[in-house]
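# A structural walkthrough
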Amino acid sequence: MLRHGVRRGDRLLWLGLAATMVGDYFLVLCNSRIGTWGFIGGVAGFSLAQLLWIFGFCREAKPNFKVFTALAVPLACFAISRLWPEMVKSNLSLLYPTFSAVTIYSLLSAFSLAAAFGTRRWLPVIAVALLMFSDLMISFRDILHIKAVAPLIGISYLAALLFMALAIAFSGRLYFSYGRGDPKWTVIAGGTLSLSMFAAAVVRCPVAHNPFVKMLSYFGRTKIAGETYPASHFLFMAGLAAGALSAAYFYPYFAWFVESQKRKLAVYWGGAVNVAGLLTILLVPENVCNPAHNLGCWLAVLGGATVVLALCEKLPEICWAVYLSIVAFALFVAVVIHELGFIAFSPTVPILQKVVIISFVVWILAYAFRKNPQG
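Described in the following lines is the structure provided in the data block. The model shown is predicted, which means the values in this text are computed figures rather than measured ones.

About the cut-offs
- Residues numbered from 1 in each chain as written.
- Predicted model: local features only at pLDDT ≥ 70, side-chain atom pairs only at ≥ 80, totals over all residues.
- Heavy atoms only, no water.
- Helix = DSSP H or I, 4+ residues; strand = E, 2+ residues; numbered from the N terminus.
- Rg over C-alpha atoms; globule rule 2.2 N^0.38 Å.
- Buried < 20%, exposed > 50% of the residue type's maximum accessible area, 1.4 Å probe, protein only.
- Contact = heavy atoms within 4.5 Å.
- Areas by Shrake-Rupley, 256 points an atom, 1.4 Å probe, with all protein chains shown as cover.
- Lys, Arg positive; Asp, Glu negative; His and termini not counted.
- Charge placed at Lys NZ, Arg CZ, Asp CG, Glu CD.
- Patch = residues over 30% accessible without salt bridge, like charges linked within 9 Å, V, L, I, M, F, W, Y side chains within 5 Å.
- Salt bridge = Lys/Arg side-chain N within 4 Å of Asp/Glu carboxyl O.
- 1 Å grid on protein atoms, 1.4 Å probe; cavity = no way out; pocket = protein on both sides within 12 Å on 5 of 7 lines; lining within 4 Å.
- Points joined across faces, edges and corners; volume = space filled by probe spheres on them.
- Nonpolar A, V, L, I, M, F, W, Y, C, P; charged D, E, K, R; others polar.
- Phe/Tyr/Trp six-rings, centres within 6.5 Å; stacked < 30°, edge-to-face > 60°.
- Lys NZ or Arg CZ within 6 Å of the ring centre and 35° of its normal.
- Expected span 1.5 Å × (residues − 1).
- Polar contact = N/O pair within 3.5 Å; in protein donor to acceptor, adjacent residues only side chain to side chain.
- Core = buried A, V, L, I, M, F, W, Y, C linked by side-chain atoms within 4.5 Å.

## As for the overall build of the protein
- In terms of helices and strands, the protein carries 12 helices and 2 strands.
- For 375 residues, the compact-globule estimate of 2.2 N^0.38 gives 21 Å, and the C-alpha radius of gyration of the protein, at 22 Å, lies within 12% of that figure.
- Counting every position in the protein, which comprises 375 residues, the buried fraction comes to 45%.
- Counting only contacts in the protein whose residues sit at least 6 apart along the sequence, the fraction spanning at least 24 positions is 74%.
- Roughly 18,400 Å² of accessible area belongs to the protein as shown, and the carbon and sulfur atoms make up 70% of that amount.
- Taken as two groups, the 28 positive and 13 negative side-chain charges of the protein have centres that lie 6 Å from each other.

Shown next as structure tokens:
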């Protein structure tokens, strides 16, 4: 790159790539463990890299704040409800500086990916996403003590560096657009993968359970029948990840069916809030922190409801809104009646939950197969 030159706008990306070596020096060469000043120095090095990338991306385009919202909310919930209690329990040295560094870096990563999305270039988006995945796996291994994820760390990290180098080398190429083209096969593939992972989670659950008498979140618990981090936990996470990515990909297409700019904005932000909720459910299982998990559920419902209501301009959309409101309200009423002690939780509430989920799946598929009314 030095020999052939780097585009002026990408010099900050190049410096950010170089700054990752600061983080590697402390975390790899010095082998600094969590709770040490060396670890904080390593996080600072990668934070500097993210800042340089953010400034580099923002010189090219505005950040996508919807992407930031969809990522920052679940990452904040994850840090507060899972990382902080584990750090306290481990009697970690430099507790407050370490937690602060990790939390700030997580939010910088979310903003960096949002800024990369603003450029609409595939390579930097993939690079930052892979780095975020690698960092998440490090927190799983070193803070949550899930050793099984260790092989994923190095592979995703090196791939992130490679894609960032390619983003600089192929600057100004490989753009993407969203909300265009034919989305139905992507939606079908993502939805099929998501449902397959959920089915596999039910099968691999340490204790045989009928999914219609258990809430779906049960199969994502970190501990079931004495087994810590069973296979069902990871399969449930994979299913939610596939579902969240499919939803995030498809929500811009809903804007086809409304003409008002305010309604289009409501569709985009509703989709962002829905994805934020799904990712929060993914990162915070119900048996770890039920309030944070329930927050994810409410965000998913609120985001989905916002999109449904924003689409209510013509008769087909109004019919869908009425039907989805009825099934969602039925679930809400069942939960309230259960809390008052009038009915047992199972099987009424779990069955209605599945009805709501399947109804929303059919709703998305129905839109995926509809033609673009705006040409």
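## Focus on a nonpolar patch on the surface
- Judged by side-chain polarity, W298, V301, F329, F332, V336, L340, F342 and I343 come together as a nonpolar surface patch covering roughly 870 Å² of accessible area.
- Listing elements by their share of the nonpolar patch, those giving two or more residues are α10 (290–310) and α11 (315–339).
- Sorting elements by how many residues they give to the nonpolar patch places α11 first, with 3 residues.
- Turning to its location among the elements, V301 is positioned in helix α10.
- When its relative accessible area of 48% is taken as the criterion, V301 is described as partly exposed.

## Digging into empty space enclosed by the protein
- Applying the stated criterion to the full structure yields 1 cavity of 30 Å³ or more.
- Every residue along the wall of the largest cavity is listed here: L17, W53, A127, L131, A160, L161 and M164.
- Of all the secondary-structure elements, those providing two or more residues to the lining of the largest cavity are α5 (122–142) and α6 (150–169).
- Here the residues of the lining of the largest cavity are counted per class, giving 7 nonpolar, no polar and no charged.

## A closer look at the packing of aromatic side chains
- For the structure on display, the rule yields 26 aromatic pairs.
- Ring centres 5.1 Å apart and planes at 65 degrees place the aromatic pair F254 and Y367 in the edge-to-face group. Of the two residues, F254 sits in helix α8 (residues 231–254) while Y367 sits in helix α12 (residues 348–368), which places them 113 residues apart along the sequence.
- For Y367, a relative accessible area of 2% translates into the label buried.
- In this structure an aromatic cluster arises from ring pairing among Y249, F250, Y251, Y253, F254, W256, F257, F360, W363 and Y367.
- A cation sits over an aromatic face here: K214 above Y218, 4.5 Å from the ring centre.

## So, the environment of I40
- Following the sequence through the fold, I40 ends up in helix α2 (residues 37–60).
- Along the chain, I40 and Q353 lie 313 residues apart, while their C-alpha atoms are 43 Å from each other.

## Side note on α5
- Under the 1.5 Å per step criterion, the end-to-end length of α5 is 30 Å for 21 residues, consistent within 8% with the ideal 30 Å.
- For α5, every residue scored as buried is listed here: L123, P124, V125, A127, V128, L131, M132, S134, L136, M137, S139 and F140.
- On its buried face, α5 is in contact with α2, α3 (65–89), α4 (95–119), α6, α8 and α9 (261–283).

## A word on the side chain of S32
- On the secondary structure map, S32 appears in the loop between α1 (11–29) and α2.
- You can call S32 buried: its relative accessible area is 12%.
- For S32, the side chain forms a polar contact with the main-chain oxygen of F26, separated by 2.8 Å.
- In this view, S32 contacts F26, L27, G38 and F39; residues no more than four positions away in its chain are not counted.

## What about the side chain of N64?
- With respect to the helices and strands, the residue N64 is situated in the loop between α2 and α3.
- A residue is classified by how much of its surface remains accessible, and N64, at 10% relative accessible area, is buried.
- For N64, the contacting residues outside a window of four places in its chain are A114, F117, G118 and Y178.

## What about the nonpolar core?
- Grouped together as the largest cluster of nonpolar side chains are 94 residues, with contacts concentrated most on F140, F254, L311 and W363.
- If sequence neighbours within four positions are ignored, W363 has contacts with F254, G304, V307, V308, L311, W320 and L324.
- With 5 residues, the next largest nonpolar core counts V327, L331, V349 and V356 among its residues.

## Focus: unusual backbone geometry
- Between S346 and the following residue, P347, the backbone shows a cis peptide bond with an omega angle of 5 degrees.
- Relative to the elements of secondary structure, P347 occurs in the loop between α11 and α12.
- Within the chain, N91 stands out as a residue other than glycine whose phi angle is a positive 55 degrees.
- Residue class for N91 comes out exposed when judged on its relative accessible area of 68%.
- Within the chain, L94 stands out as a residue other than glycine whose phi angle is a positive 50 degrees.
- Among the structural elements, L94 can be located in the loop between α3 and α4.
- A relative accessible area of 26% means that L94 is categorised as partly exposed.

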